[in-house]
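Observations on the three-dimensional arrangement
Below, each chain spelled out in residue letters.
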Amino acid sequence: MKTLILGIGNPILTDDAVGICVADEIKKLSLPDVEVIETSLAGISLLDYIVGYERLIIIDSIKTEKEVPGTLYKLKLEDISNSATTSYSHGINIKTAIGLGRKLGYKIPKIIEIYAIEIKDNTTFGEGCTPAVKSKIPGIVDEITKIIKSDQPQHLP
Amino acid sequence: MAKRITIDPITRLEGHGKIEIFLNDEGNVDRAFFQVPELRGFEKFSEGRMAEEMPRITPKICGVCPTAHHMASGKALDDLFHVTPPSPAKKIRELINSAFMGEDHTLHFFFLGGPDFIVGPQAPAGERNILGVIQKVGLDAGKKVIDIRKRLRNIITKQGGRVIHPVCNLPGGVSKGVTKEDREEYIQTGKEAVEFARFALKAFEDIVLKNKEYVDVIVGDIYKHKTYYMGLVDKDNKVNFYDGDIRVVDPEGKEFARFKSREYLDHIEEHVEPWSYIKFPYLKDVGWKGFVDGKDSGVYRVAPLARLNASDGMATPLAQVEYEKMYNILGGKPAHNTLAYHWARLVELLYAAERLLELAQDEEILDSDVRNIPTAVPDEGIGVVEAPRGTLYHHYKTDDNGVITGVNLIVATVNNAASICMSIEKAAKGLIKEGKVSEGLLNMVEMAFRAYDPCLACATHSLPGHMPLEINIRDHEANILETIRRS
């Protein structure tokens, strides 16, 4: 299955980079039929990347402050709120972008899985995640890799 | 290890966009504040690094306007190393910047500002988005929007050397020239961008200008502030996004100041408020008089409408026609109508497209002389460009080895910080009466700052992938009466 892994984050904003760090580790494994892209873009600009793939795996950070840093959440597209009203240029989230892509008739991946990692600090400039998040990266990489290899998507849209 | 949750954007609101509206005893608006999170430690992060790294680091501050940061940073390095890029290099940089302005303005109009007008200011929130826009303008138009943005981004990627964050700018020039093959593609994209911009202006005319209700909203008093305006201009006082002098006009449109990048600290000072992380820049020679407009207040505005107000016109023919038309309809220059930022943005979209085409058609763009090697000892450098959201200042200091010892940035939106607060407060005061608030009215309050397309703390991309906004309405004792959350 032609798969795209999108690691999303800001590489110089401490834990915001975790999606990129995880994607980078998966990239090193050179999994067959899997392409890995690391990006700082969000929302509508992601449309340029995802068209043409059958399966999309998004790895991003999340800050709920309800769980310990490094906790991995497996999400469906429906779990993300729809940005009906947006106020900023990056205010169109992936769900809206995918909805738009489908409406315009682009070939959007049928299977979309989102892996979000609880973070601690995304407001301090710095390279590398905080220790609490960093220590969880190898386990997260293993878990996501296992899911990709099993070819069994965790969620269907 | 894994857990399943439903994302509740409310949990992330702390430190995100927040509007606080305070009501008095009668339930009318007393004060309104707009707050954003603080990103810490950029200066510390930069200190001790080689200055040449800055054009690669600074674009990462912001996922929305990386190209503008790359341009300002490249110019700051030219200044720092006392080297002037050859003419073809300047043209290549301006070509990239024009492509960027075009794609960013397109995004804003169709996805963010546009829905308010194309779908309607008080239309149900669920329809007031890009899907609602497409419903009105048609699927083909939607495809046009996606396609032209992709083509413009392709120029940035090819010439910038990397997807998203360009890496082409070096002190004294750029890392590569334009190939004949790529140039043909850029010319084609330029032509299509000009046609697209005309299509966008036509849509604006048909849907917005022909609707009296919308025009009344645009020219209405609640969206009006008489401020100073700032923007880069060329030698003929025409708008320029990449180079020139910084020009400031007063609320009557008279030139108040015209200065070089290096002199910016002689003209701009920053005011600090205890309730905000943002510093509020103002004109030093006028002084800070609070969040008020008028000739005696140093508050100035930047970005599309401000740039047009601060100039004597557009340097390309079709954009000039649209410029004149806009001011004719708005009743002369300067125009103080905040919502006219949307219109000015489309005039600039056309200028960016025409300029892109001009540069791509220029024979000199193929010249391989794209860099002058710096030989002087670095010390201090300032670079200024126009980003989509306004004038962007990069200022670096180094030791003799080119190691960064100090950094000061005034990012585009920060210039508008005071005006954004004023615009929100004025709109809130005009719209919220006796404590009565509706979703539609609140959207109209938001429209006051959406016109500026504020981009603050935009470096964070954590899920849900957009910056939520919280509006608190408080009584005179600061108790929360109502909270509205935009997810």
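Calculation criteria
- Residues numbered from 1 in each chain as written.
- Chains lettered and ligands numbered in written order.
- Predicted model: local features only at pLDDT ≥ 70, side-chain atom pairs only at ≥ 80, totals over all residues.
- Helix = DSSP H or I, 4+ residues; strand = E, 2+ residues; numbered from the N terminus.
- Rg over C-alpha atoms; globule rule 2.2 N^0.38 Å.
- Buried ≥ 20, exposed ≤ 12 C-beta atoms within 10 Å, placed from the backbone.
- Contact = placed C-beta atoms within 7 Å.
- pLDDT = per-residue confidence, 0-100.
- Pairing = 2+ DSSP bridges.
- Axes fitted to C-alpha atoms, helices over the stretch in contact; angles between N-to-C directions.
- Expected span 1.5 Å × (residues − 1).
- Arc of directions from axis to C-beta.
- Domains from an automatic or database assignment.
- Parallel < 35°, antiparallel > 145°, perpendicular 65-115°, else oblique.
- Left-handed = near helix turned anticlockwise from the far one by under 90°.
- Nonpolar A, V, L, I, M, F, W, Y, C, P; charged D, E, K, R; others polar.
- Core = buried A, V, L, I, M, F, W, Y, C linked by C-beta atoms within 7 Å.

**A word on the overall build of chain B**
Each helix and strand in chain B was counted, giving 15 helices and 15 strands. For 487 residues, the compact-globule estimate of 2.2 N^0.38 gives 23 Å, and chain B sits close to it at 22 Å. Burial statistics for chain B: of 487 residues in total, 56% are counted as buried. Contacts in chain B between residues far apart in sequence, at least 24 positions, make up 72% of those at least 6 positions apart.

**Quick word on the environment of B:Val403**
All names here are of chain B. Mapped onto the elements of the fold, Val403 is located in the loop between β12 (390–398) and β13 (404–410). With 13 residues separating them along the chain, Val403 and Gly390 place their C-alpha atoms 29 Å apart. The contact partners of Val403, leaving out residues within four places of it in the chain, are Gly48, Met50 and Thr398.

**Focus on the confidence of the model for chain B**
All names here are of chain B. Per-residue confidence for chain B gives a mean pLDDT of 89, with 92% of residues at or over 70. Predicted confidence for residues 1–15 stays below pLDDT 50, and this span has 36 contacts to residues more than four positions away or in other chains. Taken over the whole predicted complex, pTM reads 0.91, whereas the ipTM for its chain interfaces reads 0.85.

**A few points about the pairing of strand β5 (residues 111–118) of chain A**
Residues and elements named next belong to chain A. A large share of β5 lies buried, amounting to 7 of its 8 residues. Strand direction decides the pairing type here: strand β4 (residues 72–75) and β5, joined by 4 bridges, are antiparallel. Within the sheet, the bridge partner assigned to Leu75 lies in β5 and is Ile114.

**Topic: the sheet that holds strand β7 (residues 255–259) of chain B**
All names here are of chain B. Judged by pairing direction, the sheet is mixed, and its 4 strands sit side by side in the order β7-β6-β5-β10 without closing on themselves. Looking at the sheet topology across the chains shown, the edges are occupied by β7 and β10 (300–301). Inspection of the sheet shows strand β5 (residues 228–233) paired to strand β6 (residues 245–249) by 5 bridges, in the antiparallel sense. Each bridged residue has a counterpart across the sheet, and for Val233 the counterpart in β6 is Asp245.

**What about the sheet that holds strand β2 (residues 34–39) of chain A?**
Sheet strands pair by backbone hydrogen bonding; their relative direction is either parallel or antiparallel. Residues and elements named next belong to chain A. Within the open sheet, the 5 strands sit side by side as β2-β1-β3-β5-β4. Their pairing is mixed. In this open sheet, the two strands that pair with only one neighbour each are β2 and β4. Each strand axis lies, on average, 20° off the axis of its neighbour in the sheet, ignoring direction. The pairing of strand β1 (residues 3–8) with β2 spans 6 bridges and is parallel.

**A closer look at helix α11 (residues 317–330) of chain B**
Residues and elements named next belong to chain B. For α11, which comprises 14 residues, the first-to-last C-alpha distance of 20 Å matches the rise-based estimate of 20 Å (1.5 Å per residue) to within 8%. By the burial criterion, the buried members of α11 are Ala319, Glu322, Tyr323 and Met326. Buried positions in α11, seen along its axis, are confined to an arc of 105° and lie on one side of it. Across α11 from its buried face, at more than 90 degrees, point the exposed residues Pro317 and Asn328. Tucked into the core, α11 has its buried residues touching α7 (180–209), α10 (304–310) and α12 (340–361). Looking one or two places after α11, you find Gly331, whose phi comes out positive at around 90°.

**Details of the environment of A:Asn10**
Position of A:Asn10 among the secondary structure elements: in the loop between β1 and α1 (18–28). Measuring from C-alpha to C-alpha, the distance between A:Asn10 and A:Glu38 comes to 9.7 Å, with 28 residues separating the pair along the chain.

**Describing the domain arrangement of chain B**
Residues and elements named next belong to chain B. Considered domain by domain, chain B is made up of domain 1 (9–37 + 416–486) and domain 2 (84–220 + 337–373). Every contact between the two is made by 11 residues of domain 1 and, on the other side, 11 residues of domain 2. For the side of domain 1 that touches domain 2, the leading source of residues is helix α15 (residues 439–450), giving 7 residues.

**As for the packing of helix α4 (residues 87–119) of chain B against helix α6 (residues 139–160) of chain B**
All names here are of chain B. The interhelical angle for the contact between α4 and α6, taken along N-to-C directions, is 155°, at an axis separation of 9 Å. The pairing of α4 with α6 is recorded here as roughly antiparallel in orientation. In the packing of α4 onto α6, the handedness of the crossing is left-handed. Residues Ile92, Leu95, Ile96, Ala99, Phe100, Gly102, Glu103, Thr106, Leu107 and Phe110 of α4 pack against Val145, Ile148, Arg149, Leu152, Arg153, Ile155, Ile156, Gln159 and Gly160 of α6. Along the lines of polarity and charge, the residues of the contact of α4 with α6 split into 12 nonpolar, 4 polar and 3 charged.

**Things to note about the nonpolar core**
By size, the foremost hydrophobic cluster in this structure holds 194 residues, and its most contacted members are A:Ile59, B:Val248, B:Val347 and B:Ile424. Two domains share this core, each providing at least three of its residues, namely domain 1 (9–37 + 416–486) and domain 2 (84–220 + 337–373) of chain B. Setting aside residues up to four positions removed in sequence, B:Ile424 forms contacts with B:Ile19, B:Ala32, B:Phe34, B:Val445, B:Ala448 and B:Phe449.

**Considering the packing of helix α3 (residues 94–103) of chain A against helix α5 (residues 130–137) of chain B**
As a packed pair, α3(A) and α5(B) sit with axes 10 Å apart at the nearest point and diverge in direction by 25°. By the angle class used here, α3(A) and α5(B) are roughly parallel. Contact residues: α3(A) offers A:Thr96, A:Gly99, A:Leu100 and A:Lys103, while α5(B) offers B:Ile130, B:Leu131 and B:Ile134. Looking at the contact of α3(A) with α5(B) residue by residue, the class counts come to 4 nonpolar, 2 polar and 1 charged.

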